[in-house]
Amino acid sequence: MVKISDKIRKAEREGRPWWSFEFFPPKTAEGWVNLYDRIERMTQLGPIFVDITWGAGGSTSEATTNFVKTAHSDLGLETCMHLTCTNMPVEMVDKALKEAYDSGCRNILALRGDPPRGVKEWKPTEGGFNHAIDLVKHIRKHYGDYFCIGVAGFPEGHPDSESQEAEIRHFKQKVDAGADIVFTQMFYDADVFIDWGRRLRAAGITIPIVPGIMPIQTFSAFKRRTDFAGTIVPQELWDLLEPIKDDDAKVREAGTQYVANMCRKILNADLGIHGLHCYTMNLSRGTEMLLEEMQFVPTADRVKPLPWRVSLTQKRRTETTRPIFWSNRQRSYLVRTRDWDEFPNGRWGDASSPAFGDVDALLAALPIKPQDAIDLWGKPVSLGDIAALFARFCRGDLKRLPWSDQPAAKETSRIAEQLAKVNELGFLTINSQPRVDGAKSEDPAFGWGPINGYVYQKAYLEFFCPPQHVEELLEILNDNPSITYHAVNKQGDFRSNTAPGPNAVTWGVFPGAEVIQPTVVDSAAFQAWKDEAYELGSQWAQLYQETSPETQKLIHSVFDEYHLVNIVYNDYRDPDEDAVFKPFFELASKKGLAAVNGH
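Residues numbered from 1 in each chain as written. Predicted model: local features only at pLDDT ≥ 70, side-chain atom pairs only at ≥ 80, totals over all residues. Heavy atoms only, no water.

Undergrad: Which residues make up the overall build of the chain, and what values do they have?
TA: Along the backbone of the chain there are 21 helices and 19 strands. Against the compact-globule benchmark of 25 Å for 599 residues, the chain has a radius of gyration of 27 Å, which places it among compact chains. Dimensions along the principal axes, computed over C-alpha positions, put the chain at roughly 85 × 50 × 45 Å. Burial status across the chain gives 55% buried among its 599 residues. Surface summary for the chain: the accessible area is close to 26,500 Å², and the carbon and sulfur share equals 49%. Charge-centre separation for the chain: the mean point of 67 positive side chains lies 3 Å from the mean point of 82 negative side chains. (Helix = DSSP H or I, 4+ residues; strand = E, 2+ residues; numbered from the N terminus. Rg over C-alpha atoms; globule rule 2.2 N^0.38 Å. Buried < 20%, exposed > 50% of the residue type's maximum accessible area, 1.4 Å probe, protein only. Areas by Shrake-Rupley, 256 points an atom, 1.4 Å probe, with all protein chains shown as cover. Lys, Arg positive; Asp, Glu negative; His and termini not counted. Charge placed at Lys NZ, Arg CZ, Asp CG, Glu CD.)

Undergrad: So what about helix α20 (residues 549-561)? Which residues, and what values?
TA: Structural remark: α-helix, 3.6 residues per turn; residues separated by three or four positions point the same way. With 13 residues, α20 should reach 18 Å at 1.5 Å per residue; the first-to-last C-alpha distance of 18 Å fits that figure. All of the buried residues along α20 are Thr551, Gln552, Leu554, Ile555, Val558 and Phe559. Buried positions in α20, seen along its axis, are confined to an arc of 165° and lie on one side of it. Pointing more than 90 degrees away from the buried face of α20 are the exposed residues Pro549, Glu550 and Lys553. Where α20 is buried, its residues contact α16 (383-394), β11 (428-433), β14 (459-465) and α19 (523-542). (Expected span 1.5 Å × (residues − 1). Arc of directions from axis to C-beta. Contact = heavy atoms within 4.5 Å.)

Undergrad: With reference to specific residues and values, describe unusual backbone geometry.
TA: In the Ramachandran plot, Asn282 falls in the positive-phi region, its phi being about 60° despite a non-glycine side chain. Among the secondary structure elements, Asn282 is positioned in the loop between β9 (275-279) and α11 (285-294). Not every positive phi belongs to a glycine, and Gln295 is a case in point at roughly 60°. Inspection of the secondary structure puts Gln295 in the loop between α11 and α12 (300-303).

Undergrad: Now, about the sheet that holds strand β6 (residues 181-184): what can you tell me, with residues and values included?
TA: With respect to topology, 9 strands assemble into an open sheet ordered β7-β6-β5-β4-β3-β2-β1-β9-β8, the strand pairing being parallel. Two strands close off the open sheet at either side, each with one partner strand: β7 (209-210) and β8 (212-213). Direction of pairing for strand β2 (residues 50-52) relative to strand β3 (residues 79-84): parallel, over a ladder of 3 bridges. Counted as the bridge partner of Val50 is Thr79 from β3. (Pairing = 2+ DSSP bridges.)

Undergrad: Give me the lowdown on the packing of aromatic side chains, citing residues and values where you can.
TA: The description of two aromatic rings rests on the distance between their centres and on the angle between their planes. On inspection of all chains with the given rule, the structure shows 41 aromatic pairs. On the basis of an interplanar angle of 70° and a centroid distance of 5.7 Å, the ring pair of Trp377 and Trp540 is categorised as edge-to-face. Remark: Trp540 occurs in helix α19 and Trp377 occurs in helix α15 (residues 370-377); sequence separation between them is 163 residues. There is no split in this pair, since Trp377 and Trp540 are both buried. (Phe/Tyr/Trp six-rings, centres within 6.5 Å; stacked < 30°, edge-to-face > 60°.)

Undergrad: How would you sum up the side chain of Asn431? Please name residues and give values.
TA: On the secondary structure map, Asn431 appears in strand β11. Asn431 sits in the buried class, given a relative accessible area of 7%. Within the local environment of Asn431, its side chain forms a polar contact with the side chain of Ser327, the two groups lying 3.1 Å apart. Apart from the residues within four sequence positions on either side, Asn431 is in contact with Ile324, Phe325, Ser327, Asn328, Tyr460, Leu461 and Glu462. (Polar contact = N/O pair within 3.5 Å; in protein donor to acceptor, adjacent residues only side chain to side chain.)

Undergrad: Summarise the pairing of strand β1 (residues 18-23); cite the residues concerned and give the values.
TA: Moving residue by residue along a regular strand, the side chains alternate between the two faces of the sheet. β1 sits mainly inside the fold: 6 of its 6 residues count as buried. Side-chain alternation along β1 places Trp18, Ser20 and Glu22 on one buried face and Trp19, Phe21 and Phe23 on a second face that is also buried. Alignment of β1 against β2, held across 3 bridges, turns out to be parallel. Within β2, the position partnered with Phe23 by the bridge is Ile52.

Undergrad: Tell me about empty space enclosed by the protein, residues and numbers included.
TA: To find the voids left in a structure, one rolls a probe of water-molecule size over its atoms. Tallying each qualifying case throughout the model produces 4 cavities of 30 Å³ or more. For the largest cavity, the calculated volume is near 60 Å³. Lining of the largest cavity is provided by Ile415, Pro434, Arg435, Ala459, Tyr569, Asp571, Asp576, Glu577, Ala579, Val580 and Phe581. For the lining of the largest cavity, the per-class residue count stands at 7 nonpolar, no polar and 4 charged. (1 Å grid on protein atoms, 1.4 Å probe; cavity = no way out; pocket = protein on both sides within 12 Å on 5 of 7 lines; lining within 4 Å. Points joined across faces, edges and corners; volume = space filled by probe spheres on them. Nonpolar A, V, L, I, M, F, W, Y, C, P; charged D, E, K, R; others polar.)

Undergrad: Can you lay out the sheet that holds strand β18 (residues 516-521) for me, pointing to particular residues and giving the numbers?
TA: Read across the open sheet, the 5 strands follow the order β10-β18-β17-β13-β12; overall the sheet is mixed. Each end of this open sheet is capped by a strand with a single partner; those strands are β10 (322-323) and β12 (436-440). Pairing between β10 and β18: 2 bridges, direction parallel. Considered in β18, the bridge of Arg322 is made with Thr519.

Undergrad: Provide a residue-level description of the pattern of salt bridges, including the pertinent values.
TA: In total, this model carries 32 salt bridges according to the counting rule given. For Glu40, the salt bridge goes to Arg309, with nearest N and O atoms at 3.1 Å. With a gap of 269 residues between them, Glu40 in helix α2 (residues 29-42) and Arg309 in the loop between α12 and β10 connect regions that are remote in the sequence. In this structure Glu40 comes out as partly exposed when scored by relative accessible area, which is 22%. You can call Arg309 partly exposed: its relative accessible area is 24%. Close ionic contact of Asp531 with Lys530 constitutes a salt bridge, the shortest N to O distance being 2.8 Å. A relative accessible area of 37% places Asp531 in the partly exposed class. A network of salt bridges, in which partner residues are shared, links Arg329, Arg336, Asp405 and Glu532. (Salt bridge = Lys/Arg side-chain N within 4 Å of Asp/Glu carboxyl O.)

Undergrad: Please give an account of helix α17 (residues 416-424) that cites residues and values.
TA: Looking at α17, one finds that the buried residues are Ala416, Gln418, Leu419, Ala420, Val422 and Asn423. Where α17 is buried, its residues touch α16, β11, β14 and α21 (582-591).

Undergrad: Could you give me a rundown of the environment of Ser548, with the residues and numbers involved?
TA: Assignment of secondary structure puts Ser548 in the loop between α19 and α20. Residue Ser548 is classed as buried on the basis of its relative accessible area, which comes to 8%. When the C-alpha atoms of Ser548 and Pro380 are compared, they prove to be 9.2 Å apart, with 168 residues separating the residues in sequence.

Undergrad: Can you explain the pairing of β9? Please cite residues and give values.
TA: Summarising burial for β9: 5 of the 5 residues are buried, a large majority. By the alternation rule, side chains of β9 split into Gly275, His277 and Tyr279 and Leu276 and Cys278, which are all buried. In terms of strand pairing, β8 meets β9 through 2 bridges, oriented parallel. Bridging across to β9, Ile213 finds its partner in Cys278.

Undergrad: Please set out the packing of α19 against α20 residue by residue, giving values where relevant.
TA: In the contact formed by α19 and α20, the axes pass within 8 Å of each other and the chain directions differ by 170°. Considering the angle they form, α19 stands roughly antiparallel to α20. Contacts between α19 and α20 involve Tyr534, Gly537, Ser538, Trp540, Ala541 and Gln542 from the first element and Gln552, Ile555, His556 and Phe559 from the second. Here the residues of the contact of α19 with α20 are counted per class, giving 5 nonpolar, 5 polar and no charged. (Axes fitted to C-alpha atoms, helices over the stretch in contact; angles between N-to-C directions. Parallel < 35°, antiparallel > 145°, perpendicular 65-115°, else oblique.)

Structure representation (structure tokens):
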């Protein structure tokens, strides 16, 4: 967990641009689902932090604090939480600050805030604060230097300002009271912004300036927002957009080019600004287009510091090792391990623990409705139908399976056809990774960690095995000294040909650092994962209870009877990409197996 002022200064020292995003809490459950999906995609754009708004009058206070917790814990995003004075007595302010502190948030944007909806004139709350400076002082008094405190800046002038000089004096007082950084209101006139920034610097205000940028999505939204905020819009921009206002695509394209040119101008000014803060309005396309136009491309270490998404809570900040079994269900892993006193970390960390939370505590029900399941997976009535679904997922033609929260990873494309063939033989794969022998840490498919490093991984495969093939498959695996495995059935009968400790299956070597081994296979964690893996099969079957009893019966029978097996091919230097798959093809040849079909 890092203060955003420190992250900005670090980027400046390294001579690289930075960018960040703002989101607001949605009003509906469906809106939350869609927003989290969108944020997960937008994290791949490489923001150095995100900030979360606070509704007028504290109307979204609980949603905001929960959003911050989720962003830190589940999404691994550094956050800045808005906090306003409006309708906020001291007790509510203190509660919000404590929740931010407990969730690992190090950044607060202290605002006076707008009046509550339907109220024209802002009035202080009894027992609350009158100005943002009062909130800044309160935070500093009770939390010292723990929080990075941001305040608002108004390049076009605060609506209640007496004069430019008086406004600068008031702003300097907020900085002297403890403000570390300034976020500006949106603007579209670069000259107005640059003049304001120079007046700040001339007054001795040296804290980082974060320019608030609103991408232009549609003409109607642009006009509505600028009218509401009273934003200065140069005639040049009106003349650009007015002739094309009815064509959203042209407005986005022209607006993006205009805003990008404006951004380049302020980044090239003498204000010490090297980054942008995008007001996304919970939409992605406008921000994506702006970053593309600016040629702002994230480095791998910012998007993926570890092979799995990091968690920034107080307890997990030193976590560097996880079992591979939850790689497609990371939120589930966080829930199953939330009560741990400590987490495996370090080069030789042990991921085994008897303290995995129960599956019942997970509420493992699939977050999908029966009709959505039918739309996605149809109504399988044979083993061949099920195998075809798994094969389609491996080939990238299906966006999810019950064991995967997201589509197949980029690296899967390297072994997609081998995986599909294994599934078509009736072995249902739910997790895998190809071998990697020293890929650059910047590699788009396999890379992670600091730049100029190298990453390695052993070939790994996890699958449900038909009960009639278990014994002969394990015999073949036992004959290969490079293969280690674990196998278990639903009742918990467990077998393995390796010691119970952790087997590192992913590791990285980076300049000036110890070897990192973030992903392991071990027997204790595998047996904890087993319960969840089988429960997901059961939950999948239950989705068909009302619509297709035949499908429900079929899925239940498969995941009641099949064994769960994982294989590690430990010779990561072997260039044969088929090595981990050969046992299946050998068994198929020996038994005369053919691809299962739909009959």
